[in-house]
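Below, each chain spelled out in residue letters.
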Amino acid sequence: MAVSLVDGDAVADVIESHSSTPGALLPILHEVQDALGYIPRDAAVRIADALNLSRAEVHGVITFYHYFRSEPPARHVVQVCRAEACQSVGADALISHVRERLGCAKQAHSADGRFSVEPVYCLGLCASGPALTIDEHLHARMTQEKFERLASRLEEQS
Ligand code: FES
């Protein structure tokens, strides 16, 4: 169940909705990120306290899974699959191109805050790689040329 920010304190609502769920950490982290776009540091502390976990344990889970963000995302988020099947068909070259093209070669976010590029590890399109998402929309059999067209459209929207 995703909780909306308009429902008040989204973090408290998510924690409360899992008060009797065994192994609630991952579902809570997913729902907080769905609601806020990332997991703020103070939310991680509240989650740790609520689940009787150490802050280091929660921080460790957040940093272990590439899916979770500790900082607000850019306006447009590109996630490039770097798992084995996509790597075998050019994902490494593709992510380098995407990062360079969007101004994210040296950091996760472009300097203007419009774009971020994140690695992910499987998008479920393993037979149609390399795969990526742009603002959560899946794109299969991506090429640098196809990405150029998509990037131009993104820039027009921004
Ligand atoms: S390995 Fe890339 S989508 Fe599965």
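Nothing here was measured: the structure is a model prediction, and the numbers come from that model.

A. Here's a closer look at the overall build of the chain. A tally of regular secondary structure across the chain gives seven helices and four strands. For the chain, the α and β elements follow one another from N to C terminus as α-α-α-α-β-α-α-β-β-β-α. If one aligns the C-alpha atoms of the chain with their principal axes, the spans along those axes are about 50 × 30 × 25 Å. In the chain, buried positions account for 38% of the 158 residues. Per element, the accessible surface of the chain, about 8800 Å² overall, is 52% carbon and sulfur. Across the chain, the centroid of the 14 positively charged side chains sits 8 Å from that of the 21 negatively charged ones.

B. A look at the packing of helix α6 (residues 91-101) against helix α7 (residues 144-157). Two elements in contact, α6 and α7, have axes whose closest approach is 11 Å; the angle formed by their N-to-C orientations is 25°. Taken together, the axis directions place α6 and α7 in an arrangement best described as roughly parallel. Crossing hand, α6 versus α7: right-handed. Facing α6, whose interface residues are Ala93, Leu94, His97, Val98 and Arg101, α7 presents Gln144, Phe147, Glu148, Ala151, Ser152 and Glu155. Among the residues making up the contact of α6 with α7, the classes are represented as five nonpolar, three polar and three charged.

C. Here's a closer look at the environment of Ser54. Inspection of the secondary structure puts Ser54 in the loop between α3 (41-51) and α4 (55-64). Remark: the alpha-carbon pair of Ser54 and Ala10, spanning 44 residues in sequence, is separated by 21 Å.

D. Representation of α3 in the model. Of all the residues in α3, the buried ones are Ala43, Ala44, Ile47 and Ala48. Down the axis of α3, the buried side of the element spans an arc of 140°, and every buried residue falls inside it. In this structure, the buried residues of α3 make contact with α1 (10-17), α2 (25-36) and α4. Immediately beyond the C-terminal end of α3, within one or two residues, lies Asn52, with a positive phi of roughly 60°.

E. Just the environment of Ala91, in detail. In this structure, Ala91 sits in helix α6. Note: C-alpha distance between Ala91 and Gly60 (31 residues apart in sequence) is 27 Å. With near-sequence residues (within four places) excluded, Ala91 lies in contact with Val80, Cys81, Cys86 and Pro130.

F. Local environment of the confidence of the model for the chain. For the chain, per-residue confidence averages 92 on the pLDDT scale, and residues scoring 70 or more make up 95% of the total. A low-confidence stretch, residues 1-8 (pLDDT under 50), is modelled with twelve contacts involving residues beyond four sequence positions or located in other chains.

G. How the structure looks around the packing of aromatic side chains. Applying the stated rule across the entire model yields three aromatic pairs. Look at Tyr65 and Phe68: their rings are 6.1 Å apart centre to centre, the planes differ by 85°, and that puts the pair in the edge-to-face class. Owing to a relative accessible area of 7%, Phe68 belongs among the buried residues under this scheme. An angle of 75° between the planes, with centres 5.4 Å apart, marks the rings of Tyr67 and Phe68 as edge-to-face. A network of ring pairs unites the aromatic residues Phe64, Tyr65, Tyr67 and Phe68 as a single cluster.

H. Fine view of the domain arrangement of the chain. If you check the domain split of the chain, you get domain 1 (5-64) and domain 2 (76-157). Here the C-alpha centroids of domain 1 and domain 2 sit 28 Å apart.

Thresholds applied
- Residues numbered from 1 in each chain as written.
- Predicted model: local features only at pLDDT ≥ 70, side-chain atom pairs only at ≥ 80, totals over all residues.
- Heavy atoms only, no water.
- Helix = DSSP H or I, 4+ residues; strand = E, 2+ residues; numbered from the N terminus.
- Buried < 20%, exposed > 50% of the residue type's maximum accessible area, 1.4 Å probe, protein only.
- Areas by Shrake-Rupley, 256 points an atom, 1.4 Å probe, with all protein chains shown as cover.
- Lys, Arg positive; Asp, Glu negative; His and termini not counted.
- Charge placed at Lys NZ, Arg CZ, Asp CG, Glu CD.
- Axes fitted to C-alpha atoms, helices over the stretch in contact; angles between N-to-C directions.
- Parallel < 35°, antiparallel > 145°, perpendicular 65-115°, else oblique.
- Left-handed = near helix turned anticlockwise from the far one by under 90°.
- Contact = heavy atoms within 4.5 Å.
- Nonpolar A, V, L, I, M, F, W, Y, C, P; charged D, E, K, R; others polar.
- Arc of directions from axis to C-beta.
- pLDDT = per-residue confidence, 0-100.
- Phe/Tyr/Trp six-rings, centres within 6.5 Å; stacked < 30°, edge-to-face > 60°.
- Domains from an automatic or database assignment.

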